Amino acid sequence: MKKILMTMVIALSAITANAQWYLGGSVGVASVKNGNADAETVYKFVPDFGYTLNDDWSIGVAVGYQKGACDLLHGSFGQDVETELLQVNPYARYTCVKNKYVNVFIDGTVGLGSFKDYGTEFQLGLKPGVAVNLNEKLSFVAHFGFIGFDSFSPKQDGIDNSTNVGVDLDGNNLTFGLYYNF
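In this text the structure is predicted, and so the values were computed from the model without any measurement. What you see as residue numbers is a count from 1 along each chain, following the sequence as written. In keeping with the predicted nature of the model, local features appear solely for residues at pLDDT of at least 70, side-chain atom pairs appear and are counted solely at 80 or more, and the whole-chain, interface and lining totals rest on all residues. Only hydrogens and water are set aside when side-chain values are computed; all heavy atoms of the structure are taken into account.

Undergrad: Honestly, the pairing of strand β1 (residues 20-32) in this entry has me stumped. Any pointers?
TA: Two faces, one strand: in a regular strand the side chains alternate between the faces of the sheet. Strand direction decides the pairing type here: β1 and strand β2 (residues 40-52), joined by 13 bridges, are antiparallel. Opposite Ala30, over in β2, you have Val42 as the bridge partner. A pair of strands is treated as paired once DSSP finds two or more bridges between them. Think of it this way: any DSSP run of H or I at least four residues long counts as a helix, any run of E at least two long counts as a strand, and we number them from the N terminus.

Okay, here's the thing in structure tokens:
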């Protein structure tokens, strides 16, 4: 038993010796206006932590909270509905352009979310982003848009599920954040 445990400790040490953990997140603010209704402000807070496997690949998870007007993808909501959203988004990040100062990446993500009193959401897709390396330990990160599949299942009777497939690169999908690399 001691040999197995010691072997596992050595293997884990070897794997993590060249790996790098990061911690950060992003905040987002958007204004949503439906038709002639007043514009509503949406606030989003998304802490994020991950593990860099090698120069090109990382894995991580973002856990988010959003409050404000509903996402425009969900047409089953009324124009003036304000709600809260809790979501979990594990991802695999591929860095396609990397240099000393700027990294361009794409997150492949599976998202699960719950709108308070309204329903649940499932997402599968890609989120492009850019990281500006301020120094060896600190990066400014921006995500913009979503490319993929989005499904919403309402809690209310008489309202159908909605499904969206496509590209959404508007300002409502723009987030900024800081990441600290250990």
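Undergrad: Mind showing me how you'd approach the side chain of Asn181 here?
TA: Its location among the elements puts Asn181 in strand β10 (residues 174-181). Relative accessible area decides the class of each residue, using a 1.4 Å probe on protein chains only: under 20% of the type maximum gives buried, over 50% gives exposed, and in between gives partly exposed. Of the residues examined, Asn181 reaches a relative accessible area of 14% and is grouped as buried. Each residue touching Asn181, except ones within four places of it in the same chain, is listed here: Gln20, Trp21, Tyr22, Glu136, Lys137, Leu138 and Ser139. Any two residues whose heavy atoms approach within 4.5 Å are treated as being in contact.

Undergrad: What should I look at first to understand the layout of surface pockets in this one?
TA: Here the idea is plain: a probe the size of a water molecule rolls over the atoms and shows the empty space left. Here the second largest pocket is characterised by a volume of approximately 530 Å³. Points on a 1 Å grid, built from protein atoms alone, make a cavity when a 1.4 Å probe fits but cannot get out and make a pocket when they are open with protein on both sides within 12 Å along at least 5 of 7 lines; residues with an atom within 4 Å of a point are the lining residues. If you trace the second largest pocket, you find 25 residues lining it, with Gln20, Thr52, Lys98, Asn103 and Asn181 closest to the centre. Of all the secondary-structure elements, those providing two or more residues to the lining of the second largest pocket are β1, β3 (57-69), β4 (82-98), β5 (102-115), β6 (119-133), β7 (138-144) and β10. Broken down by element, the residue count for the lining of the second largest pocket peaks at three residues, all from β4. When residues are sorted by character, Ala, Val, Leu, Ile, Met, Phe, Trp, Tyr, Cys and Pro go into the nonpolar class, Asp, Glu, Lys and Arg into the charged class, and all the rest, Gly among them, into the polar class. Each residue belonging to the lining of the second largest pocket can be placed in one class, and the counts come to eight nonpolar, 12 polar and five charged. Grid points are joined across faces, edges and corners, and a volume is the space filled by probe spheres set on the points.

Undergrad: Would you mind going over the environment of Leu134 with me for this structure?
TA: Its place among the elements puts Leu134 in the loop between β6 and β7. With sequence-adjacent residues up to four places away left out, Leu134 is seen in contact with Ser139, Phe140 and Leu178.

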